[in-house]
Amino acid sequence: MRMMIFGAGYSGKAIGLEAKAKGADVCGTTRAPEKAAGLAAAGIEPLLFDGAASSLSPEIAARMATATHLVQSIAPGREGDPLLRLAGESVRARMPALQWIGYLSTVGVYGDHQGGWVDEETPFRPVSQRSRERVEAEQGWMALGEKAGIPVAILRLAGIYGPGRNAFVNLQNGTARRLVKPNQVFNRIRVEDIAGATLFMAERGLGGVVNITDDEPAPPQDIVAEAARLMGVAPPPEQAFETAELSPMARSFYGENKRVSNRRLRALGYALRFADYRASLAALWQEQGWRG
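What counts and what doesn't
Residues numbered from 1 in each chain as written. Predicted model: local features only at pLDDT ≥ 70, side-chain atom pairs only at ≥ 80, totals over all residues. Heavy atoms only, no water. 1 Å grid on protein atoms, 1.4 Å probe; cavity = no way out; pocket = protein on both sides within 12 Å on 5 of 7 lines; lining within 4 Å. Points joined across faces, edges and corners; volume = space filled by probe spheres on them. Helix = DSSP H or I, 4+ residues; strand = E, 2+ residues; numbered from the N terminus. Nonpolar A, V, L, I, M, F, W, Y, C, P; charged D, E, K, R; others polar. Pairing = 2+ DSSP bridges. Axes fitted to C-alpha atoms, helices over the stretch in contact; angles between N-to-C directions. Left-handed = near helix turned anticlockwise from the far one by under 90°. Contact = heavy atoms within 4.5 Å. Buried < 20%, exposed > 50% of the residue type's maximum accessible area, 1.4 Å probe, protein only. Polar contact = N/O pair within 3.5 Å; in protein donor to acceptor, adjacent residues only side chain to side chain. Salt bridge = Lys/Arg side-chain N within 4 Å of Asp/Glu carboxyl O.

(A) The arrangement of the layout of surface pockets in detail. Its boundaries defined by the atoms lining it, the second largest pocket holds a volume of some 210 Å³. As for the second largest pocket, its lining consists of Leu84, Gly88, Glu89, Ser90, Val91, Arg92, Gly140, Ala143, Leu144, Lys147 and Ala148. Those elements that place two or more of their residues in the lining of the second largest pocket are α5 (91-94) and α6 (129-148). When residues of the lining of the second largest pocket are assigned to their parent elements, the largest contribution, five residues, is made by α6. For the lining of the second largest pocket, the class distribution of residues is five nonpolar, three polar and three charged.

Okay, here's the thing in structure tokens:
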């Protein structure tokens, strides 16, 4: 496997490391030159790519020419998906060895369901502009795959956390908050399960839409309280969501309330490594991996 990851950030890098562990040749893009050394140290060949660029560099074009598996992790913008914009019409010509495409999307495309369950058959109901952009990108990648005869997996991710990005870090930094909005729940997913599920799909050439999420949607304040219990510290006081000072983006997340099913992922045969937040937080704490 020769995997090319556009957007080797938190999730993309984890996918690259999982692929490397299985013997794959991996390269990944970053827009920040200072992050290239970290990718190289992890065994992922770094390539600089600015999603706003008007063309693909010769280095990126050369790697695309031999890649067998493509992961697109860069968020779209008002101009659409940057890779589709630059190479959508020519992906098959640029990537003659390509066997599989994975697109990292978000469960935000479902919008608000007032706490009800959603699955992959639930119609789109995006609330935010960024979720509407995701819908367009999903549709673009699926159309590209159908035209090129390449399986495309649309991986809809729940709230991402893991080493270096979790409630323990927030408690240590003094940034943890217990915001309470009655009946509000979120699903989450460990970054290691994003990587594991992506490789599971890639190795089998599986396409289609799949929710990548844990088993237990839960109120966000409960996660903070559990992390504080494990740390042996007092949790921050509860705050009413209505009166809390939040950025517009942070507040917008609370405008979507749903429970996301992972039945399709399990039916495919993938076993979650961290099926619920309690076991996941306990493992992070016991293994002292929470700092990243």
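Alright, that's what it looks like, and here's the rest.
(B) View of the sheet that holds strand β4 (residues 69-72). The parallel open sheet is built from seven strands, whose spatial order is β3-β2-β1-β4-β5-β7-β11. The open sheet has two edge strands with one neighbour each: β3 (45-48) and β11 (208-212). On average, each strand axis in the sheet is inclined to that of its neighbour by 20 degrees, with strand direction left out of account. In this structure, β4 lies alongside strand β5 (residues 100-106), joined through four bridges in parallel fashion.

(C) Layout of the packing of helix α9 (residues 220-231) against helix α12 (residues 277-286). Axis separation between α9 and α12 bottoms out at 10 Å; the angle between their running directions is 35 degrees. Here α9 and α12 pass one another in a crossing that is right-handed. Taken together, the residues of α12 that come into contact with α9 (itself represented by Asp222, Ile223, Glu226, Ala227, Leu230 and Met231) are Tyr277, Leu281, Ala282 and Trp285.

(D) Region of the structure containing α12. Among the residues of α12, Tyr277, Ser280, Leu281, Ala282, Ala283 and Leu284 are the ones counted as buried. In the core, the buried residues of α12 are packed alongside β8 (159-161), α7 (167-173), β10 (188-190) and α9. If you check the start of α12, you find a side-chain oxygen 3.0 Å away from the backbone N of arginine 278, and it comes from aspartate 276. Phi for glutamine 288, located one or two positions after α12, is positive at around 55 degrees.

(E) The pattern of salt bridges, seen in detail. Under the counting rule described, the total for this entry stands at 18 salt bridges. Residue glutamate 121 is joined to arginine 264 by a salt bridge in which the shortest nitrogen-to-oxygen separation is 2.6 Å. Linking glutamate 121 in the loop between β6 (117-118) and α6 with arginine 264 in helix α11 (residues 263-268), this pair joins segments that are 143 residues apart in sequence. With a relative accessible area of 56%, glutamate 121 lands in the exposed category. Taking the shortest distance from any N to any O, the salt bridge between glutamate 238 and arginine 178 comes out at 3.7 Å. Residue glutamate 238 is located in strand β12 (residues 238-240), and its partner arginine 178 is located in strand β9 (residues 178-180); the two are separated by 60 residues in the primary sequence. Taken together, the shared-partner salt bridges in this structure form one network comprising Arg2, Asp25, Glu45 and Arg63.

So yeah, pure geometry; function would need other evidence.
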